[in-house]
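So you can see what is in the structure, the chains are spelled out below.
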Amino acid sequence: MQARCRVLVVGGGHAGVDAAAAAARALGDGADVWMVSMDPARIGAMSCNPAIGGLAKGQMVREVDALGGIMGVAADHAGIQFKVLNSSKGPAVRGPRAQCDKEAYLAEVQRLLAAHGVRVVQGLVDRLLVEAGRCVGVQLHEPARMWCASAQAIECNRSGERRAMPVFVPDAHAESAGAVIMADAVVLTTGTFMRALMHTGESRTAGGRVGEGVAAGISSALTELGFELGRLKTGTPPRLRRGTIDWESLPPQHGDDPPQMFSFLPASHMESGRFPKLRQVECRQTHTTHAMHELIRANLHRAPMYAGAMETTQGPRYCPSVEDKVVRFADRDSHGVFLEPECLFTDEVYCNGISTSLPAEIQAELVRNMPGCERAEVLRWGYAVEYDMVWPHQIDATAQTKPVPHLFLAGQINGTSGYEEAAAQGLVAGLNAARLAMGQPLARIGRDQGYIGVLMDDLVVRQPREPYRMFTSRAEHRLSLRSDNADERLTPLGREWGLVNDARWSVFSQEREMLQGIQKALEAARIEGQSAALWARRPDATLDQLSAVLASPPDRAKLDRVMTDLRYAGYLTRQRAEIRRQRESEHAPIPAGFDPEQVKGLRSEAREVMRRFRPATLGQASRLAGVNPADVALVALWLRRGTLAK
């Protein structure tokens, strides 16, 4: 028995969720998008830190939202602390972040996914089905069990706060979908589950997340199809019981007041009609100590990475384990640790800053060496997880794999780290899977259009040495790629691609008119004899000064956005001119069958690198390590001659 759908998404993490939702929006009515998950009740789970956004990551979340995606809306519904990082610095490097109630986030993601009409199947993929060189479906370990969207259940705590429960439940009336699911396009978003192994000291458990299984068959299936696999690791810290922490003795970390939403949709579009929806909380800060560091050094031989118990040592450089911190920064006696509540309904606290895989008894002792945690009880031990991934030079910027058409990859399977990077890739993969199913040309987001474009391009041309994480420094056009203008940059594209519905387009159109009205009002108003629009360009100009001269003071966030555009108008004009100059070569296509051996004078290293990475454009070729400007010029000349000869 076999079933069929148009787009099949494998995996229900952050990449899978936005992939399925994007595919459903792009396909339109009767989308016929299915998702296969080992545990549908855990779709949308925040497996590590229950937070969304941050530096550069917040920009990506707003870009996903500008394209109609799920992540920003879910974070707005589930946020219990909102804060704009780098708020004292320039607008290009500010990053919105939300600490979330992890259970509320999961429930909201499932509600949004159900609203998109995505069908959910419980199953484990063993094999990818390929016919005539392209992916046509998957073989499951056993016949699939269908799940359905239920009416969302609500629980209340003693304070009367409401908690929404997961939406997806087993469908007792549905027939089995069988063990084979055929599809026009398949999106793999396996996260950390491919041949995954969790380590806590000498203890090893198969699985990509506590209490969940492992996807063993997909690694073999990909290898059989000729894909090059690698192995990476990541980790998570212990969780503590809040009631056992001396909470009041530690310095508080407050959120912004008023908080800023991720979504460009107004609060009136939220189910509750208000923002923030949930009670806001503060975090607390503590730190590691010299005694902790000595304890770690004395037990490094029991840490799996240092004991040689792991196949790889390639972990996230920018979010290292506490063992790595102690080894790499041996001159430091202390590192900051943030204690972050995970849920309004539980007593769990996330220890941000001490990811570890040391044995449980050592973790307990480490925790009690931190100020305020002398009596802390550990609810869940930290662990490291190693997993298989696909070296991302085997995809292109559309997320489609080069060896096997109609197969798309998104998320940690591509060697990335973070919920936000996963959602961004998922959106691109889901959109293009739908476009392929409809016979439409695949869509690309350029480096000059969004952080999503920077991410996809970097994955194609730069082989990661450790899990890839986005930073503002990776974006050469970051002054244009701010978090506040993601809608201006991407919502028109999303509308063209079918990702943006009428309601969101109406909000965007009204917002654009309001911003234009504010700029016109500033041009007409005067401050000390000059236009307020010119005054806004002064480094000492303030929002209060501008607001005071307007007859109807606008929303401060909107005024700040207009002021930023006015203040940086000269820089932005030059940047746009530079982008126009670069665009011709940046987007000049390199044919899929291009053979670098045909280019006379091309250096051996450049030939080897281009053969391995198979860049789709001259811009991608120029960013490959081992390819210099002279090599790119030779390829460009070869392409021009080929065009003229036709």
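Provided above is the structure to which this section pertains.
Below is a summary of the structure that appears in this document. Here the structure is a predicted model, which is why all the values come from computation and not from measurement. (Residues numbered from 1 in each chain as written. Predicted model: local features only at pLDDT ≥ 70, side-chain atom pairs only at ≥ 80, totals over all residues. Heavy atoms only, no water.)

## A word on the overall build of the chain
Here is step 1 of the chain: For the chain, the count of helices and strands is 20 helices and 25 strands.
Here is step 2 of the chain: Relative to a compact globule of 646 residues, whose C-alpha radius of gyration would be 26 Å, the chain shows 25 Å and is just as compact.
Here is step 3 of the chain: Expressed along its principal axes, the backbone C-alpha trace of the chain runs to roughly 70 × 70 × 60 Å.
Here is step 4 of the chain: Across the 646 residues in the chain, those meeting the buried criterion constitute 57%.
Here is step 5 of the chain: Considering only intrachain contacts with a sequence separation of at least 6, the fraction spanning at least 24 residues in the chain is 75%.
Here is step 6 of the chain: On the chain, roughly 26,400 Å² of surface is accessible, and the fraction owed to carbon and sulfur atoms is 50%.
Here is step 7 of the chain: Between the averaged position of the 77 positive side-chain charges in the chain and that of its 74 negative side-chain charges there is a distance of 4 Å. (Helix = DSSP H or I, 4+ residues; strand = E, 2+ residues; numbered from the N terminus. Rg over C-alpha atoms; globule rule 2.2 N^0.38 Å. Buried < 20%, exposed > 50% of the residue type's maximum accessible area, 1.4 Å probe, protein only. Contact = heavy atoms within 4.5 Å. Areas by Shrake-Rupley, 256 points an atom, 1.4 Å probe, with all protein chains shown as cover. Lys, Arg positive; Asp, Glu negative; His and termini not counted. Charge placed at Lys NZ, Arg CZ, Asp CG, Glu CD.)

## Description of the sheet that holds strand β17 (residues 252–253)
Here is step 1 of the chain: A sheet is described by the order of its strands in space; here six strands give the open sequence β17-β18-β19-β20-β16-β21, paired in antiparallel fashion. Edge positions in the sheet fall to β17 and β21 (378–380), since each has one partner strand and no second.
Here is step 2 of the chain: Of the strand pairs in this sheet, strand β18 (residues 283–287) and strand β19 (residues 336–341) are connected by four bridges, and their pairing is antiparallel. Residue pairing in the sheet places histidine 287 in a bridge with glycine 336 of β19. (Pairing = 2+ DSSP bridges.)

## Regarding the packing of helix α2 (residues 57–66) against helix α11 (residues 451–461)
Here is step 1 of the chain: Taken N-terminus to C-terminus, the directions of α2 and α11 make an angle of 110°; their axes are 8 Å apart at the nearest point. On the basis of the axis angle, α2 is roughly perpendicular to α11. Residues Gln59, Met60, Glu63 and Val64 of α2 form the contact with α11, whose participating residues are Tyr451, Ile452 and Leu455. (Axes fitted to C-alpha atoms, helices over the stretch in contact; angles between N-to-C directions. Parallel < 35°, antiparallel > 145°, perpendicular 65-115°, else oblique.)

## Quick notes on the pattern of salt bridges
Any two side chains of opposite charge can pair if their charged atoms end up close together.
Here is step 1 of the chain: A full pass over the atoms with the stated rule returns 41 salt bridges.
Here is step 2 of the chain: Here glutamate 386 and arginine 231 are joined by a salt bridge, their closest N and O atoms 3.3 Å apart. One end of the pair, glutamate 386, is in strand β22 (residues 383–390); the other, arginine 231, is in strand β15 (residues 229–236), and 155 residues separate them in sequence.
Here is step 3 of the chain: Taking the relative accessible area as the measure of exposure, glutamate 386 reaches 1% and is therefore buried.
Here is step 4 of the chain: Here glutamate 248 and arginine 284 are joined by a salt bridge, their closest N and O atoms 3.7 Å apart. Here arginine 284 lies in strand β18 and glutamate 248 lies in the loop between β16 (239–241) and β17, a separation of 36 residues in the sequence.
Here is step 5 of the chain: Each of Lys102, Arg239, Glu342, Glu348 and Arg380 takes part in salt bridges that share partners, so that together they form one network. (Salt bridge = Lys/Arg side-chain N within 4 Å of Asp/Glu carboxyl O.)

## Quick notes on the side chain of asparagine 414
Here is step 1 of the chain: Checked against the element boundaries, asparagine 414 lands in the loop between β23 (407–409) and α10 (419–437).
Here is step 2 of the chain: Residue classification places asparagine 414 among the buried positions, given a relative accessible area of 0%.
Here is step 3 of the chain: Separated by 3.1 Å, the side chain of asparagine 414 and the backbone oxygen of leucine 409 make a polar contact.
Here is step 4 of the chain: A distance of 2.9 Å separates the side chain of asparagine 414 from the side chain of glutamine 425, its partner in a polar contact. (Polar contact = N/O pair within 3.5 Å; in protein donor to acceptor, adjacent residues only side chain to side chain.)

## Some details on the sheet that holds β22
Across a sheet, strands are paired by hydrogen bonds formed along the backbone, either parallel or antiparallel in direction.
Here is step 1 of the chain: Spatial strand order, β14-β13-β22-β15: four strands in an open sheet with antiparallel pairing. Where the open sheet ends on each side, the last strands, each with one partner, are β14 (203–206) and β15. The mean angle between the axes of side-by-side strands here comes to 25°, regardless of whether they run parallel or antiparallel.
Here is step 2 of the chain: Two elements, strand β13 (residues 197–200) and β14, share four bridges in a ladder whose sense is antiparallel. For methionine 198, the partnering residue across the bridge sits in β14 and is threonine 205.

## Things to note about the nonpolar core
Here is step 1 of the chain: In terms of nonpolar packing, the biggest core is built from 117 residues, with Ile52, Tyr105, Leu113, Leu222 and Leu407 touching the most fellow members.
Here is step 2 of the chain: Counting residues in each nonpolar core, the second largest holds 24 residues, with Leu250, Val349, Leu366 and Cys373 among its members. (Core = buried A, V, L, I, M, F, W, Y, C linked by side-chain atoms within 4.5 Å.)

## Topic: the packing of aromatic side chains
Here is step 1 of the chain: Within the structure shown, the criterion is met by four aromatic pairs.
Here is step 2 of the chain: Where tryptophan 505 meets phenylalanine 508, the ring centres are 5.1 Å apart and the plane angle is 35°; that geometry is what we call tilted. Of this pair, tryptophan 505 and phenylalanine 508 both sit in helix α13 (residues 502–524), separated by three residues, roughly a single helical turn.
Here is step 3 of the chain: Exposure remark for tryptophan 505: the relative accessible area of 22% places this residue in the partly exposed category.
Here is step 4 of the chain: Exposure remark for phenylalanine 508: the relative accessible area of 6% places this residue in the buried category.
Here is step 5 of the chain: Relative to tyrosine 571, the ring of tyrosine 568 lies with its centre 6.2 Å away and its plane at 50°, an arrangement referred to as tilted.
Here is step 6 of the chain: Over the aromatic face of phenylalanine 613 sits the side chain of arginine 612, whose NZ or CZ is 6.0 Å from the ring centroid. (Phe/Tyr/Trp six-rings, centres within 6.5 Å; stacked < 30°, edge-to-face > 60°. Lys NZ or Arg CZ within 6 Å of the ring centre and 35° of its normal.)

## Comments concerning the side chain of threonine 189
Here is step 1 of the chain: Here threonine 189 lies in the loop between β12 (178–188) and β13.
Here is step 2 of the chain: The exposure class assigned to threonine 189 is buried, which follows from its relative accessible area of 5%.
Here is step 3 of the chain: In terms of polar contacts, threonine 189 uses its side chain to reach the backbone carbonyl oxygen of valine 10, at 2.8 Å.
Here is step 4 of the chain: Of the polar contacts made by the side chain of threonine 189, one reaches the backbone oxygen of glycine 11; its length is 3.3 Å.

## Overview of unusual backbone geometry
Here is step 1 of the chain: A cis amide bond, omega 5°, links aspartate 257 with the succeeding residue proline 258.
Here is step 2 of the chain: Within the element layout of this structure, proline 258 appears in the loop between β17 and β18.
Here is step 3 of the chain: Backbone torsion omega between phenylalanine 275 and proline 276 reads -5°, so that peptide bond is classified as cis.
Here is step 4 of the chain: A positive phi angle, close to 70°, is found at alanine 56, a residue other than glycine.
Here is step 5 of the chain: Checked against the element boundaries, alanine 56 lands in the loop between β3 (51–53) and α2.

## Brief notes about the environment of glutamine 463
Here is step 1 of the chain: For glutamine 463, the location among the structural elements is in the loop between α11 and α12 (486–497).
Here is step 2 of the chain: Of the residues examined, glutamine 463 reaches a relative accessible area of 32% and is grouped as partly exposed.
Here is step 3 of the chain: Separated by 85 residues in the primary sequence, glutamine 463 and alanine 548 have C-alpha atoms spaced 52 Å apart.
Here is step 4 of the chain: Once residues within four sequence positions are removed from consideration, glutamine 463 is found in contact with Trp391, His393, Arg612 and Phe613.

All quantities given are derived from atomic positions and should not be read as evidence of function.
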